Amino acid sequence: MIIRNYNDYLCILKILQMSIELSDQEIQRREKLTRLRDLGINPYPAALYPVTDYSIEIKQDFQEGKEVCIAGRIMSQRDMGKASFAEIQDSKGRIQVYVNRDEICPGEDKTNYNTVFKKLIDLGDFLGIKGTVFKTQVGETSIKVSELTLLSKSLKPLPLPKTDAEGKVHDAFTDPEMRYRQRYADLVVNPQVKEIFMKRTKLFSAMRNFFNDAGYMEVETPILQAIAGGAAARPFMTHHNALDIPLYMRIANELYLKRLIVGGFDGVYEFSKNFRNEGMDRTHNPEFTAMEIYVSYKDYNWMMDFTEQLLEHCAKEVNGTADCTFGEHKISFKAPYKRITMRDSIIEFTGFDIKGKSEDELRAAAKGMGIDVDDTMGKGKLIDEIFGEKCEGNYIQPTFITDYPKEMSPLCKSHREDPELTERFELMVCGKEIANAYSELNDPIDQRERFEEQVRLAEKGDDEANGLIDQDFLRSLEYGMPPTSGLGIGMDRLIMFLTNNPAIQEVLFFPQMRPEKFNEQRGPELTENEKLVFDILAKEQSMDLNNLKEKAGLSNKQWDISIKGLTKHGIAKVQKTNTQLIIEII
RNA sequence: GAUUUGGUAGCUCAGCUGGUAGAGCAAUACACUUUUAAUGUAUGGGUCCUGGGUUCGAGCCCCAGCCAGAUCACCA
């Protein structure tokens, strides 16, 4: 076909469009689909496949000659003429299979081996395997295949890390961006990633079982809230059309769980997806999971005992031991944990005693320690800054920090011995907070005053203080809430410690990422410059290159890009003669 | 938000002072009936993140942007 105008070109390109966008290997795999169908093989069959066994279990419980039926992806293939070895990966691991031509093709027709298995099956395809268990000459447990079924064809090549004899991994799939964006591929090829998420699920069930055994009830509370309370953080805002009101995604579930204690439950807990519209980094994702539990007739001392029992139990369920490694640190979740008041901790690391000090004295002291302070900071905030700067990082082993200043804890009961303090603890591990608990404030009048104080702080410019008062929550307290202790645990943080991962993205299946830009389909459109060059050339069909360049009147760079574009699309071709360069339309 | 490193074949990565874009694996073809990072031979495969600029000539230099990582700041 001679291309004479732009429309001709469009026709050709539409036909070629598919092959322009797909890689070599992707095209080959699509062609194989057709060839399989031509052989009467459905690459995506509907029928169930009667799996009887799993890879790891066959290897662990070796039984010579056992008939098995497994299914999974083919992850490696070693053809040796009339016999081949391959590895099948199922949900539990991998096992080698031995495919012998005459075993799977007992008759004259060897198509199933020569064509289907050796040519049309690709790495990543799902296969069903029937066969018998045996050991090869080198002692590897394998399955001698008697029947091989294609269960699903893979059209896109997977990354292919390989492990050598020394256990060294080659070509590892490690790029975090690709791993997070294509977690499915990450999970297929990186078994250690799968392990993290299995541990994550174990942690949740361990905690759930611990609470259920203690007689507490798992509940669900609203995620869409008219007032996002229970913490100081910027919420995500949305809008309800029918009610025509703004709604917020919850930043905590505390106030709702306490309403349930008012309602008469002894103990309630919830694994709560919370949403905070703040910065993202290796320890913060916009949505994260907290666990909060409230138990009536208890105080924060009881809760400390409960927490250390809980965490020891969880660590053992997840890792089989209370000890774990986090980066350079060895930590032990075995109870009991060290307990120290915030005042003593600050004395220990700075020599400064915060007791009875005024706001100005605290500000001066903080300044003296080289801490950035400003006028919007109240007493609580100042103490928090001092603690965060000078003390927090020193607690590697699990340590309860107790008795926080009142200003920092608007939902916590005043300390029974010192009205400046609250009955609160945080649990620090490796210098990070993983749990936070109170003897909950149940005096409705005190609570109202604390909220009002928060409003004043918000007006003063402390952007973490909450500016709205949850009147309904106060009303519930007025009916009376029993003495109650509450605990919150950052589940993502905890699983980071239990799996030795410094990044929250590693313990979330799908961490938040900026949306990926999929290449806009490079349609048959030519760029303006390409059209310009094409039009000049089309009149002549063949021209001297320099002559064409001059007529186009483009800058060197733009000329270069345009002509490369045209040759790449296969509409123009440059030919060398002895004396000159000729460009012609194909 | 600041600093910094990176983006090259399906994957992992080289690429010299700026001069026709490379390797291993994967793919394609052939050989090989107990291999295991199988092996041997041959072949194909590229929007060098995007857009400008400098230059006779840019993967490389300059400017702007996109995406990600790391460090720091922020974060009850």
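Residues numbered from 1 in each chain as written. Chains lettered and ligands numbered in written order. Predicted model: local features only at pLDDT ≥ 70, side-chain atom pairs only at ≥ 80, totals over all residues. Heavy atoms only, no water.

Applying the stated rule across the entire model yields 38 salt bridges. Residue Asp472 pairs with Arg475 through a salt bridge whose shortest N-O separation is 2.9 Å. Taken as a pair, Asp472 and Arg475 lie in helix 15 (residues 471-479) at a separation of 3 residues, close to a single helical turn. A relative accessible area of 32% means that Asp472 is categorised as partly exposed. Connected via shared salt-bridge partners are Arg29, Lys32, Asp122, Asp125 and Lys153. (Salt bridge = Lys/Arg side-chain N within 4 Å of Asp/Glu carboxyl O. Helix = DSSP H or I, 4+ residues; strand = E, 2+ residues; numbered from the N terminus. Buried < 20%, exposed > 50% of the residue type's maximum accessible area, 1.4 Å probe, protein only.)

Below, the discussion takes up the nonpolar core. Met207, Met291, Ile293, Phe333, Leu487 and Ile489 are the most contacted members of the largest nonpolar core, which totals 48 residues. Core analysis: the second largest hydrophobic core is formed by 24 residues, Leu36, Ala86, Cys105 and Val145 among them. (Core = buried A, V, L, I, M, F, W, Y, C linked by side-chain atoms within 4.5 Å.)

Over its 15 residues, helix 2 (residues 24-38) extends 21 Å from the first C-alpha to the last, a length consistent with the 21 Å expected when each residue adds 1.5 Å. Those residues of helix 2 that fall on the buried side of the exposure criterion are Glu26, Arg29, Lys32, Leu33 and Leu36. Down the axis of helix 2, the smallest arc covering the buried residues is 110 degrees, so these residues share one side. Along helix 2, the residues that are exposed and aim more than 90 degrees away from the buried face are Asp24 and Asp38. On its buried face, helix 2 sits against helix 5 (111-120) and strand 5 (141-152). Once helix 2 ends, the next one or two residues include Gly40, with phi positive near 80 degrees. (Expected span 1.5 Å × (residues − 1). Arc of directions from axis to C-beta. Contact = heavy atoms within 4.5 Å.)

Glancing now at the side chain of Asn190. Checked against the element boundaries, Asn190 lands in the loop between helix 7 (183-189) and helix 8 (191-213). Within the structure, Asn190 has its side chain in polar contact with the side chain of Asp186 (distance 2.7 Å). In this structure, Asn190 is in contact with Pro161, Phe173 and Arg179, ignoring residues within four places of it in sequence. (Polar contact = N/O pair within 3.5 Å; in protein donor to acceptor, adjacent residues only side chain to side chain.)

This part is about the packing of aromatic side chains. Inspection of the entire model under this criterion finds 18 aromatic pairs. When the centroid spacing of 5.9 Å and the interplanar angle of 65 degrees are considered together, the rings of Tyr98 and Phe134 count as edge-to-face. Taken together, the positions of Tyr98 in strand 3 (residues 93-100) and Phe134 in strand 4 (residues 126-135) put the pair 36 residues apart, joining distant regions of the chain. Looking at Phe134, the relative accessible area reads 13%, which means it is buried. Pairing Phe509 with Phe510 gives two aromatic rings, centres 6.1 Å apart and planes at 40 degrees, and the pair type is tilted. Through a chain of ring-to-ring contacts, the aromatic side chains of Phe204, Phe210, Phe211, Tyr216, Tyr269, Phe271, Trp302 and Phe306 assemble into a single cluster. It is Lys92 that lies over the ring of Tyr54; its NZ or CZ is 4.4 Å from the centre. Here Lys144 stacks its cationic end above the ring of Phe134, 5.3 Å away from the centre of that ring. (Phe/Tyr/Trp six-rings, centres within 6.5 Å; stacked < 30°, edge-to-face > 60°. Lys NZ or Arg CZ within 6 Å of the ring centre and 35° of its normal.)

Strand order in the open sheet formed by 8 strands is 8-12-13-20-19-18-17-16, and the pairing between neighbours is mixed. The open sheet terminates on both sides in strands that have one partner only, identified here as strand 8 (217-218) and strand 16 (338-341). Relative to strand 12 (residues 267-275), helix 8 is tilted by about 150 degrees, and along the sheet it contacts strand 8, strand 12, strand 13 (287-296) and strand 20 (484-490). Relative to the sheet, helix 10 (residues 300-319) contacts strand 13, strand 16, strand 17 (399-402), strand 18 (424-429), strand 19 (432-439) and strand 20, its axis offset from that of strand 20 by approximately 35 degrees. (Pairing = 2+ DSSP bridges. Axes fitted to C-alpha atoms, helices over the stretch in contact; angles between N-to-C directions.)

Moving on, we come to the sheet that holds strand 5. Think of a sheet as strands paired side by side through backbone hydrogen bonds, with each pair either parallel or antiparallel. Strand order in the closed barrel formed by 5 strands is 1-2-3-5-4, and the pairing between neighbours is mixed. Neighbour to neighbour, the strand axes of the sheet diverge by 55 degrees on average, direction disregarded. Of the pairings in the sheet, the one linking strand 4 to strand 5 comprises 10 bridges and is antiparallel in character. Bridging from a neighbouring strand, Lys135 pairs with Thr141 of strand 5. Lying on the sheet, helix 5 is in contact with strand 1 (67-80), strand 2 (83-90), strand 3 and strand 5; it crosses strand 1 at an angle near 85 degrees.

What follows covers helix 13 (residues 379-390). In a regular helix each residue adds 1.5 Å, so 12 residues correspond to 16 Å; helix 13 covers 17 Å between its end C-alpha atoms and thus fits that length. Those residues of helix 13 that sit buried are Lys379, Gly380, Leu382, Ile383, Ile386 and Phe387. For helix 13, the angular spread of buried residues about the axis comes to 165 degrees, placing them on one side. Check the buried side of helix 13 and you find it contacts helix 11 (342-350), helix 12 (359-368) and strand 17.

What follows covers the pairing of strand 11 (residues 245-249). Pairing analysis gives 2 bridges linking strand 9 (residues 224-225) to strand 11, with the strands arranged antiparallel. By the bridge assignment, Gln225 is partnered in strand 11 with Tyr248. In this structure, strand 10 (residues 237-240) lies alongside strand 11, joined through 4 bridges in antiparallel fashion. Residue His240 lies in a different strand from strand 11, and its bridge partner there is Ile245. The hairpin formed by strand 10 and strand 11 contains 4 residues between the paired strands, and Asp244 there has a positive phi angle of roughly 50 degrees.

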